[in-house]
Amino acid sequence: MSKTPVRVAVTGAAGQIGYSLLFRIASGEMLGKDQPVILQLLDLPQAQKACQGVIMELDDCAFPLLAGVFATDDPDTAFKDADICLLVGARPRGPGMERSELLNVNGAIFTVQGKSIAEHAKEGVKVLVVGNPANTNAYIARQAAIKVGRTNPANYHGMLRLDHNRALSMVAAKAGRPVDSLRKMAVWGNHSPTMYADYRFCTVDGQSVKSMINDEAWNNDVFQPAVAKRGAAIIEARGLSSAASAANAAVCHIRDWVLGTDDWVTMGVPSDGSYGIPEGIIFGFPCECKNGSYKIVQGLEIDAYSQEKLNKTLKELQDEAEAVKSLL
Ligand SMILES: NC(=O)C1=CN([C@@H]2O[C@H](COP(=O)(O)OP(=O)(O)OC[C@H]3O[C@@H](n4cnc5c(N)ncnc54)[C@H](O)[C@@H]3O)[C@@H](O)[C@H]2O)C=CC1
Ligand SMILES: O=C([O-])CC(=O)C(=O)O
């Protein structure tokens with residue numbers, strides 16, 4: 001092992017997403033097949049025994065890249081010197097609930113963890129919030145971190161990659177093309193039913209996918225609701241919320257952020273004012289990643305239909321931000 005291990009803190013390590021995520025990180029799928037990792041697991045006191053079971057299984061995989069692993073119920077210990085923090089630990093929703101209804105139970109977790117990360121992680125730490133509602137939880141963590149200073153406020157993200165991957169898969173099926181031939185997908189806004197999955201810029205081999213599909217009714221009546229309500233459909237089918245696909249999305253988000261990619265990827269990032277989205281709101285934007293950093297794709301045309309969609313999802317995020325004011 002020649003490279004210095006990267007420290008990856010994962011919260012909610014004993015949960016269902018954790019159970020998919022940790023093994024993929026330890027196998028090198030997130031940071032590269034030559035990059036050793038140290039896993040720093042955080043979960044509640046009552047989940048420590050289960051964490052030890054997960055560690056036993058990680059040991060039993062004999063992953064060559066796993067340079068260390070420990071579990072704790074203390075955020076300051078879990079985030080100490082972390083290079084990457086995956087904030088998964090939060091309650092999932094059940095059937096018939098919206099993700100925003102989780103704010104009351106989950107919001108406070110992110111005040112504590114944002115502060116702890118800013119105090120104890122590496123200054124260049126990259127943070128991805130998976131726990132729902134992911135955008136607003138990331139907003140809470142970022143605001144708490146800004147109060148401390150030290151870390152980079154641009155590096156507090158919420159996860160929209162699952163929506164991006166869902167959109168890619170559905171558009172590829174509709175166009176009858178392999179999923180990896182599609183480029184330039186975008187999902188704007190909140191990880192909620194108001195998100196706007198936008199394939200207007202998608203290409204396959206340089207050809208416009210929108211012209212290939214040429215079906216506005218499919219876009220509005222089938223595709224938009226299918227992406228927006230996919231999480232609920234999975235809860236309905238499985239009795240539990242998506243886990244393996246959520247873990248996969250987290251792996252994709254961090255892999256592309258750290259290692260770069262030649263395609264657009266959707267990331268929930270703090271707005272810099274792009275496309276009229278107020279600064280600091282954690283909003284899904286198409287991004288390009290290179291050399292360990294990301295930038296929002298600029299200059300895309302926003303037509304009247306798209307503007308209406310953006311306004312709606314922004315309004316929801318602003319309402320959520322208002323609702324958590326007391327936590328900030
Ligand atoms: N952004 C996205 O695309 C997606 C987000 N999610 C969300 O991810 C979260 C986790 O989902 P699952 O793993 O299925 O839930 P789960 O209930 O299986 O596991 C959650 C784990 O978090 C732990 N936990 C709770 N509070 C904690 C705290 N303060 N610190 C550390 N750990 C804590 C619990 O003890 C449990 O082990 C949920 O909020 C879910 O809604 C799920 C799918 C997709
Ligand atoms: O729907 C849920 O509650 C879990 C989730 O965020 C998703 O699958 O997109």
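Above this text is the structure in question.
Throughout what follows, the structure given in this document is the object of discussion. Worth saying up front: this structure is predicted, and the values here are computed from it rather than measured.

1. Quick notes on the packing of helix H1 (residues 16–26) against helix H2 (residues 48–61)
At a minimum axis separation of 11 Å, H1 and H2 run at an interaxial angle of 30 degrees. Of the two possible hands of crossing, H1 and H2 adopt the one that is right-handed. Residues Tyr 19, Leu 22, Phe 23 and Ala 26 of H1 pack against Val 54, Glu 57, Leu 58 and Cys 61 of H2. Across the contact of H1 with H2, the residue classes break down as seven nonpolar, no polar and one charged.

2. Quick notes on the site of ligand 1
Lining the immediate environment of ligand 1, one finds 25 residues, of which Gln 16, Asp 43, Arg 91, Val 130 and Asn 132 sit closest. Between ligand 1 and the protein, one listed contact pairs an oxygen atom with a side-chain N or O atom of Asp 43 at 2.6 Å. A distance of 3.4 Å is found between a nitrogen atom of ligand 1 and a side-chain nitrogen or oxygen belonging to Gln 113. Looking at the shell around ligand 1, the elements that each hand over two or more residues are H1 and helix H4 (103–120). Each residue belonging to the shell around ligand 1 can be placed in one class, and the counts come to 13 nonpolar, ten polar and two charged.

3. So, the layout of surface pockets
Taken as a whole, the largest pocket encloses approximately 800 Å³ of empty space. Forming the boundary of the largest pocket are 38 residues, of which Val 88, Gly 89, Ala 90, Arg 91 and Pro 92 lie nearest the centre. Per-class residue counts for the lining of the largest pocket are 19 nonpolar, twelve polar and seven charged. Lining the second largest pocket we find Pro 193, Thr 194, Met 195, Asn 220, Gln 224, Pro 225, Ala 228, Lys 229, Tyr 305, Glu 308, Lys 309 and Lys 312. Contributing elements (two or more residues each) for the lining of the second largest pocket: helix H8 (216–228) and helix H11 (304–323).

4. Some details on the state of the cysteines
The term disulfide refers to a covalent linkage connecting the sulfur atoms of a pair of cysteines. Overall, the coordinates contain zero disulfides when judged by the stated rule. You can see Cys 51 has no disulfide; the closest cysteine sulfur is in Cys 85, sitting 16 Å from it. Judged by relative accessible area, which is 0%, Cys 85 ranks as buried.

Cut-offs and rules
Residues numbered from 1 in each chain as written. Chains lettered and ligands numbered in written order. Predicted model: local features only at pLDDT ≥ 70, side-chain atom pairs only at ≥ 80, totals over all residues. Heavy atoms only, no water. Axes fitted to C-alpha atoms, helices over the stretch in contact; angles between N-to-C directions. Helix = DSSP H or I, 4+ residues; strand = E, 2+ residues; numbered from the N terminus. Left-handed = near helix turned anticlockwise from the far one by under 90°. Contact = heavy atoms within 4.5 Å. Nonpolar A, V, L, I, M, F, W, Y, C, P; charged D, E, K, R; others polar. Near = heavy atom within 4 Å. Polar contact = N/O pair within 3.5 Å; in protein donor to acceptor, adjacent residues only side chain to side chain. 1 Å grid on protein atoms, 1.4 Å probe; cavity = no way out; pocket = protein on both sides within 12 Å on 5 of 7 lines; lining within 4 Å. Points joined across faces, edges and corners; volume = space filled by probe spheres on them. Disulfide = S-S within 2.5 Å. Buried < 20%, exposed > 50% of the residue type's maximum accessible area, 1.4 Å probe, protein only.

Distances and angles like these do not, on their own, reveal function.
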